[in-house]
Amino acid sequence: MLPTMVVQAILWILYGLLLQPEPGTATLPLLMDSVIQALAELEQKAPATEAGHTASARLLSAQDSCAHNPLQHFLLEEQSLKTTMLDPPSLSPELQGLTMEVARHGVWDGKECGVVLASDGSTVAVEPLLAGLEAGLQGNRVVNLPLDSTGTPPDAGVTFPDFGATVPDVRATSPGLRDTSSDVTWADVGAVSPNVRATDLDVQVTSPDVQASSADTKAKFPTTVDSLLVVTLARDLGLNFLQGPQTWSHSLGTEGCWDQLSLPRTFTLLDPEASTLTTAFLNGALDGALLGDYLSRSPEPRPPLSHLLSQYYGAGVAGDPGFRSNFRRQNGAALTPTPILTQQVWGALILLQRLEPAHPQLQGMSQEQLAQVATHATKEFTEAFLGCPAIHPRCRWGAAPYQGRPTPLQLPLGFLYVHHTYMPASPCTDFERCAADMRSMQRFHQYTRGWDDIGYSFVVGSDGYVYEGRGWHWVGAHTLGHNSRGFGVALIGNYTAELPAEAALRAVRDELPRCAVRAGFLRPGYALLGHRQLVRTDCPGDALFNQLRTWPHFDKVSPRRLHYLGLRPICPHKLSTAPDPCLPA
């Protein structure tokens, strides 16, 4: 264990090295393991390094790490100048080269920079991750906002559109996922932005003051922001949605493909018009917020960052398999409930409006307008990202090309057909195993069955992820005679006698169909059916089918109901005689 001041120093040294690497150095694959390796190398040198406040302060001021982000500079950097106590040790040439690759997040010409591939198969932006770690090490601070921002704070609450209820006034930061320690110390901010001093803004740091209010309370002018949520997520959400409705269709969660998975170097986005709020950025922002929150609540001595990241992108922090990157969306939803995040986005825009009075997007914006932007941004993020399952695209699991020409679906569809794979029989619980299972099934379907591609629309692992098969737009080969009428979703494993993991059930029951309805792929009144209801088969297994029968959209499908729905009943003379008890078609 290292003291918090040393850990903070290591993190800021890494920040400096990110933006001032030595030229001409070799580089490593763009993997999270490489970032962890860089942190571990710094941590190994830290105890033997002579403290040098002056040298480290020169490093931080020289690197200008937050010149492109005055809000982050204001909330984080100057406070770190007080606590940084290490001279910057040199990294190996390979790690120096890596830092050049991940220095700053951005999207240019359809390529996303500043991202790495994690062991769970997700792509993560490094910049918001490091910002969250630093904010957490400083303490889960609540920063009081100035009340004389542009425009007059509304006396009455501002009504937020598109919500069944208005957003309450929550004067607190993120609620902890894990109550590791209630003894959180709150540093005094002496921070200044490059051009604005804290005294000019009348900003103070106080301990959190949680004022829970009912969902019927109108949102009041925010008086505080949480530095952790602002530097990771709230600022970028607000700025992105300030750009107007014309950008919203490209606003959230664009995925991409690596040039290769073993030695990743280049990440190309699937939507060339994507905004910077890509899946990788949001992953990094959520990871930074979750780990920063954990650090802020952890007692001294805090764990080395390399150890913490190894656990988080591995089996789970402190042995908790639920607290790892695979489940960042579920944990992120608990950390950032809609009312709190809305207040944080609004507050971030207010503070940025004061820090950058000439900001072209913020000039002349009233508080009501900022409130509406914050509301819409939070609603989209909550519904379109946090509320949807994380789907690994085909390129992520190494899919072979489609053989032939796919047939487009006529969307929206009215049915969701549930399968189990039977073979592989064992649930897959990590990305490496799930991706291998996907490739194995695709080879079987293409070369043994003679189909154009893997038959399922989507496949669900027990690792917290959904895997894209034929996807939302192409007819699959999963339910004989009904492939064009519904999506076929399979859970990896044999569920004759036991149930899948709860996360897998939740993805099929709630998350995937809810997001499909929202996107217009599935009708709101869709029917959910087990494979055995339409084809003579044991699929999806007795245990899973009995579970399906308790789900809201399950349809019993009597012969009369089949006729009403326009579906064909089981035809014995067309049954397959293949030994596979769950043969798609």
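Preceding block: the structure.
Residue positions are given per chain, counted from 1 along the sequence in the order it is written. Residues qualify for local features only when their pLDDT is at least 70, as the model is predicted, and side-chain atom pairs are given and counted only at 80 or more; totals for whole chains, interfaces and linings, by contrast, use all residues. Calculated side-chain values reflect all of the structure's heavy atoms, with hydrogen atoms and water omitted.

### Quick notes on the overall build of the protein
Link 1 in the chain: The numbering of helices and of strands both runs from the N terminus, where a helix is a DSSP run of H or I of at least 4 residues and a strand a run of E of at least 2. On a plain count of helices and strands, the protein comes out with 18 helices and 15 strands.
Link 2 in the chain: Three labels apply to residues, based on accessible area from a 1.4 Å probe with only protein chains included: buried if under 20% of the type maximum, exposed if over 50%, partly exposed otherwise in between. For the protein, the residues scored as buried account for 58% of the 585 residues in total.
Link 3 in the chain: Surface accessibility of the protein: about 22800 Å² in total, with carbon and sulfur atoms responsible for 52%. Using a 1.4 Å probe, accessible areas were evaluated by the Shrake-Rupley method; residue-level cover was limited to the displayed protein chains.

### Overview of the side chain of T421
Link 1 in the chain: Locating T421 in the fold gives a position in the loop between β11 (413-420) and α15 (431-448).
Link 2 in the chain: Among the polar contacts listed, one links the side chain of T421 to the backbone nitrogen of G493, at a separation of 3.0 Å.
Link 3 in the chain: By definition, residues are in contact when any of their heavy atoms lie within 4.5 Å. If we skip the residues at most four places from it in the chain, T421 touches M441, Y456, A490, L491, I492 and G493. Pairs of N or O atoms are called polar contacts if they sit within 3.5 Å, as long as, within protein, a hydrogen donor faces a hydrogen acceptor (for residues adjacent in sequence, only side-chain-to-side-chain pairs).

### Description of helix α6 (residues 126-138)
For the α-helix, the turn length of 3.6 residues means that residues three or four positions removed from each other point alike.
Link 1 in the chain: Under the 1.5 Å per step criterion, the end-to-end length of α6 is 19 Å for 13 residues, consistent within 8% with the ideal 18 Å.
Link 2 in the chain: Burial runs high along α6: 13 of the 13 residues are buried.
Link 3 in the chain: Downstream of α6 by a residue or two, G139 has a phi angle that is positive, lying close to 115 degrees. Expected span of a helix: the number of residues minus one, times 1.5 Å.

### Here we look at the state of the cysteines
Link 1 in the chain: For this text, the term disulfide refers to a pair of cysteine sulfurs within 2.5 Å. Considering all chains together, one arrives at three disulfides under this definition.
Link 2 in the chain: In this model C257 forms its disulfide with C395; the gap between the sulfur atoms is 2.0 Å. Its torsion about the S-S bond being -90 degrees, the disulfide of C257 and C395 is classed as left-handed. In this pair, C257 sits in strand β8 (residues 256-258) while C395 sits in helix α14 (residues 394-397), placing the two residues 138 residues apart along the sequence.
Link 3 in the chain: Between the sulfur atoms of C388 and its disulfide mate C515 the distance is 1.9 Å. Taking the torsion about the sulfur-sulfur bond, which here is approximately -110 degrees, the covalent link between C388 and C515 counts as left-handed. Placement of C388 in the loop between α13 (367-386) and β10 (391-392) and of C515 in helix α16 (residues 502-519) is noted, with a sequence separation of 127 residues between them. Residue C388 shares its accessibility class with C515, and that shared class is buried.

### Here we look at the pairing of β11
Link 1 in the chain: Most of β11 sits out of view: eight of its eight residues are buried.
Link 2 in the chain: With five bridges connecting them, β11 and strand β15 (residues 522-530) associate as parallel partners. The residue of β15 that forms the bridge with Y417 is L529.
Link 3 in the chain: Of the pairings in the sheet, the one linking β11 to strand β14 (residues 486-491) comprises six bridges and is parallel in character. Bridge pairing in β14 links H419 to A490. Strands qualify as paired when DSSP identifies two bridges or more between them.

### Section: the nonpolar core
Link 1 in the chain: Side-chain atoms within 4.5 Å are what join buried Ala, Val, Leu, Ile, Met, Phe, Trp, Tyr and Cys residues into a set we call a nonpolar core. Of all hydrophobic cores here, the largest spans 86 residues; its most connected members are M32, L133, L237, L291 and F381.
Link 2 in the chain: Residues contacting F381, with those up to four places away along its chain left out, are L233, L237, L252, L282, L286, T336, L341 and L386.
Link 3 in the chain: Formed by 28 residues, the second largest nonpolar core is a distinct cluster that contains A504, V508, L544 and F554.

### Comments concerning unusual backbone geometry
Comment: phi is negative for the bulk of residues other than glycine, and the bulk of peptide bonds are trans.
Link 1 in the chain: Look at the link from E300 to P301: it is a cis peptide, with omega at -10 degrees.
Link 2 in the chain: Tracing the backbone shows P301 in the loop between α9 (279-297) and α10 (305-312).
Link 3 in the chain: In this model, A318 sits at a positive phi of 55 degrees, which is unusual for a non-glycine residue.
Link 4 in the chain: Summarising the element assignment, A318 is placed in the loop between α10 and α11 (328-335).
Link 5 in the chain: Even without being glycine, Y422 reaches a positive phi, approximately 65 degrees.
Link 6 in the chain: Looking at the element boundaries, Y422 is found in the loop between β11 and α15.

### Concerning the packing of α6 against α10
Link 1 in the chain: Orientation is described by lines fitted to C-alpha atoms, with helices fitted over the stretch in contact, and by angles between N-to-C directions that extend from 0 to 180 degrees. Packing of α6 against α10 brings their axes to within 13 Å, and their N-to-C directions diverge by 120 degrees. With respect to α10, the axis of α6 lies oblique. The handedness of the crossing between α6 and α10 is right-handed. Facing α6, whose interface residues are L129, L133 and L137, α10 presents L305, L308 and L309.
Link 2 in the chain: Of the residues in the contact of α6 with α10, the class split is six nonpolar, no polar and no charged. Orientation categories follow fixed angle ranges, with anything under 35 degrees roughly parallel, anything over 145 roughly antiparallel, 65 to 115 roughly perpendicular, and all other angles oblique. The handedness criterion is simple: a crossing whose near helix is rotated anticlockwise from the far helix by less than a right angle is left-handed, and one whose near helix is rotated clockwise is right-handed. Gly is put with the polar residues, along with every residue not named as nonpolar or charged; the nonpolar set is Ala, Val, Leu, Ile, Met, Phe, Trp, Tyr, Cys and Pro, and the charged set is Asp, Glu, Lys and Arg.

### Quick word on the sheet that holds β14
Link 1 in the chain: In space, the six strands of this open sheet follow the order β10-β13-β12-β14-β11-β15, with mixed pairing throughout. Strand pairing shows two members of the sheet lacking a second neighbour, β10 and β15, which therefore form its edges.
Link 2 in the chain: With two bridges joining them, β10 and strand β13 (residues 466-468) adopt parallel strand pairing. In the strand pairing of β13, H392 is matched with Y467.
Link 3 in the chain: α15 rests against β10, β12 (458-460) and β13 of the sheet, and its axis sits at about 35 degrees to β13.
Link 4 in the chain: Of the strands in this sheet, β10, β11, β12, β13, β14 and β15 touch α16, which is tilted by about 150 degrees from β15.

### Let's talk about the pattern of salt bridges
Note that side chains of opposite charge can pair when their charged atoms are close.
Link 1 in the chain: Any Lys or Arg side-chain nitrogen located within 4 Å of an Asp or Glu carboxyl oxygen qualifies as a salt bridge. Tallying each qualifying case throughout the model produces 14 salt bridges.
Link 2 in the chain: Among the ionic pairs, D236 bridges to R235, the shortest N-O distance being 3.2 Å. Grouping residues by exposure puts D236 and R235 together as buried.
Link 3 in the chain: Its salt-bridge partner being D542, residue R532 comes within 2.8 Å of it at the nearest N-O pair. Taken together, the residues span a long stretch of sequence, with R532 in the loop between β15 and α17 (542-548) and D542 in helix α17 at a distance of 10 residues.
Link 4 in the chain: Among the charged side chains, a network of salt bridges with common partners joins K379, E380, E383 and R518.

### A short note on α13
Link 1 in the chain: Between its first and last C-alpha atoms α13 spans 26 Å; for 20 residues at 1.5 Å apiece the expected length is 28 Å, and the two agree.
Link 2 in the chain: Here α13 lies mainly inside the structure; 14 of its 20 residues are buried.

### Digging into the environment of M441
Link 1 in the chain: With respect to the element layout, M441 can be found in helix α15.
Link 2 in the chain: For the pair M441 and Y456, spaced 15 residues apart in the sequence, the C-alpha separation amounts to 9.7 Å.
Link 3 in the chain: Beyond its immediate stretch of four places on either side in the chain, M441 contacts T421, M423, P424, I454, Y456, V459 and I492.

### With respect to the packing of aromatic side chains
Link 1 in the chain: Geometry of aromatic contacts follows a simple scheme: Phe, Tyr and Trp rings, the Trp one being its six-membered ring, pair when their centres are within 6.5 Å, and the pair is stacked under 30 degrees between planes, edge-to-face over 60, tilted otherwise. A full pass over the atoms with the stated rule returns 12 aromatic pairs.
Link 2 in the chain: Here the aromatic rings of F381 and F385 are separated by 5.8 Å at their centres, their planes lie at 15 degrees, and the arrangement is stacked. In this pair, F381 and F385 are both assigned in helix α13, four residues apart and thus about one turn of the helix distant.
Link 3 in the chain: Arranged with centres 6.1 Å apart and planes meeting at 15 degrees, the rings of F415 and Y417 form a pair that is stacked. Each member of the pair, F415 together with Y417, is buried.

Shape is all these values report; function is a separate question.
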